[in-house]
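# Secondary and tertiary structure notes
Spelled out, the chains give:
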Amino acid sequence: MGVSRLDGAFGFIPSPEGLSMLPVVNVPDPCDLRTTHHPNVTGAAALVVSDSGHDNEMPCSHLDIIQHLQAANASAAIIGSYPSQDVKEINCRGKECDIEITMPTTMIPCESAAKLATALHWPEPSGVVVTFETQQVPGRFVGVDSDGRLVQLGWEVDPSLKFLSWAGQWQHYLSALHANLSRQAFVFPVFEPQALPAPGGLRAEVQLPPEAELEGLPTLELDLALSCPGHVDADCPAWDHVLQLFVCCSPPCTPCQPTVWMPGYSGRDSSQAMWSRPRKLHPAPAWGSTGHRTELCGNEVGRWMTPFRRRAGRWLTDVTHLRPLLEGGRTCRFTLQVPDWAPGWWVDMKLRFSGRSLTAPSTRVGLSIASTADNAAVRFMQSEKTVRDSRSRAAAVSPRTGLQTSSSEAGTAHAASFKVLPLWGGGTFDSLYNTRNHDITFRPPSGTDQVTLVTVITGHGYDLVNKQCAEFCVTSHHFSINGASNHTVTYQDAGTPEGCANHVADGVEPNEHGTWKYGRMGWCDGQEVRPWIQDVTADVDLTAMNRIAYVGTFNGSAPMETETPGYIMASMYLVYSRKDNSEVVDLL
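Residues numbered from 1 in each chain as written. Predicted model: local features only at pLDDT ≥ 70, side-chain atom pairs only at ≥ 80, totals over all residues. Heavy atoms only, no water.

Right, let's talk about the environment of Y82 for a bit. Along the chain, the position of Y82 falls in the loop between β4 (76-80) and β5 (105-108). Separated by 27 residues in the primary sequence, Y82 and P109 place their C-alpha atoms 8.0 Å from one another. Polar contacts involving the side chain of Y82 include one to the side chain of H62, which spans 3.3 Å. (Helix = DSSP H or I, 4+ residues; strand = E, 2+ residues; numbered from the N terminus. Polar contact = N/O pair within 3.5 Å; in protein donor to acceptor, adjacent residues only side chain to side chain.)

Attention now goes to the packing of aromatic side chains. Throughout the structure, instances matching the rule amount to twelve aromatic pairs. Here F141 and F163 contribute two aromatic rings whose centre-to-centre distance is 5.6 Å and whose plane-to-plane angle is 45°, an arrangement assigned as tilted. Of this pair, F141 sits in the loop between β6 (129-130) and β7 (143-144) while F163 sits in helix α3 (residues 162-182), and the two are 22 residues apart along the sequence. For F163, a relative accessible area of 2% translates into the label buried. Ring centres of W424 and F479 lie 6.3 Å apart, and the angle between their planes is 40°; on these two criteria the pair is classed as tilted. Highlighted residues: W424 in the loop between β19 (414-422) and β20 (426-429) and F479 in strand β25 (residues 475-481), separated in sequence by 55 residues. Both residues of the pair, W424 and F479, count as buried. (Phe/Tyr/Trp six-rings, centres within 6.5 Å; stacked < 30°, edge-to-face > 60°. Buried < 20%, exposed > 50% of the residue type's maximum accessible area, 1.4 Å probe, protein only.)

We now examine the sheet that holds strand β26 (residues 486-490). An order of β21-β29-β25-β26 is seen for the four strands of this open sheet, with the pairing classed as antiparallel. Sheet topology places β21 (440-442) and β26 at the edges, where each strand pairs with a single neighbour. Sheet twist, expressed as the mean angle between neighbouring strand axes with direction ignored, is 20°. Pairing of β25 with strand β29 (residues 546-554), which is carried by seven bridges, proceeds in the antiparallel orientation. Residue pairing in the sheet places T475 in a bridge with F554 of β29. (Pairing = 2+ DSSP bridges. Axes fitted to C-alpha atoms, helices over the stretch in contact; angles between N-to-C directions.)

The next subject is helix α1 (residues 62-71). H62, L63, I65, I66 and L69 are the residues of α1 that are buried. For α1, the angular spread of buried residues about the axis comes to 160°, placing them on one side. Here the buried face of α1 lies against β3 (45-48), β4 and β5. (Arc of directions from axis to C-beta. Contact = heavy atoms within 4.5 Å.)

With respect to the helices and strands, the residue T448 is situated in the loop between β21 and β22 (450-460). A polar contact is formed between the side chain of T448 and the backbone oxygen of P445, at a distance of 2.7 Å. If sequence neighbours within four positions are ignored, T448 has contacts with F418, L542, Y576 and S577.

Spelled out as structure tokens, the structure:
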């Protein structure tokens, strides 16, 4: 007897997929298993058949039934739908979502449940067993993008029209990204399309164009495209990973910090999670020598999260404030770093210098690496192992014909960043977190007109004591200068059921093969991590020493000490800027 089923909500109730040859036991009163005459369901698949036509006539809810059967040590639950009603996804609401459900549960049509019940002779099972399988069938939906090409829409795990809505939002904003990419920009490739190896990632040493060639192009964006071998989503890596981009233009630079990785991490058991580990990269040659040394990365300028088994993504990330970290005319080392256990992706990363910012933040979304070609006025090609001769590059772009002053922005003074001061770097989110982040004193350089706080903060790990910190708990990060006003960023979406699904319009790749919908602390799967930027000039004495303090909190107080604390990945900077009266230009 084959029966179709609808499993409980993904990420809340485990799927019974893979369970085999479980004895089936009929449970006539699943709302009360305390009496001795009820059947023994230990190790069995408990069958619940409803004879009520309405939810509110049941003496207990489906969630109550699941908890009762779980407490009775059932291995799985098979719940029949109500008469004259379709099967539905068993899900949680509000505080119900904090309940830990470990027993796989599925729902089958009422008629099928009744037939299965007649094959049983309660109170003892009569040899009926169940095996849960998934049969591969053609997808029910296909999309057509703005160029008329067929596209996959992702994993149809959500039994609602939201699946199609998210897919539509994604395609709409892919078109918006295409429009942004079609705008003229000075495009400088850093990593050609290539496999992203693990452990470690990629490194490239490239000579950046002289600042004189970039005059009038104040906006700097990171253009990172992500893909994988093959032609369909199933060819892509199953798990989400962190990608970090570091740059070092003035050796000696700071050593590479470990990218978050979790060997042995499985489900809700974070006892084996590790948040730091010595780097395993092969040591890179020291600049100007033939010897070897510890791997150096410098400062982080970009961070991305890969999706759960979706083909590709593309993001434009505005990092104009951090532009001083890329010193024009110098040979700079770029490191695109991944955890040790994150192979399988292909990347293509470029720098885009332009005269204007993006049309709107909401248009910065992902895009298939194969679906949009750059229409750049200037494009340089470089090899990971080869640094181009600056003279040949200068000949390719000089004299700078084709540059035209923008009529809307010509003659308008704007603040141009010229120096970056690194601050704190996060760490283990335990009771000692704030004691490790000491106050920092600083004096703005001469000529500073503006001081800006720029941070990239994400939470990782799954600490049950602190309510799934730091990935799924709401944290706040407070900054104060000279004891003045408190500048605070709070990640309210963390732990919400659709916190990331609500940001598909902002570049979250939808319908991934995992828990992509849930809000995270400062990040979403399949999206770049955008910097939080705050003007703090009013709090700074531009001619004297100043003091900046930082505190991270959970529920308004310091994080608690636990055996399995989470981790805060952070790059925080003070950026000094001065008025720039140079003309902003458009590339034709």
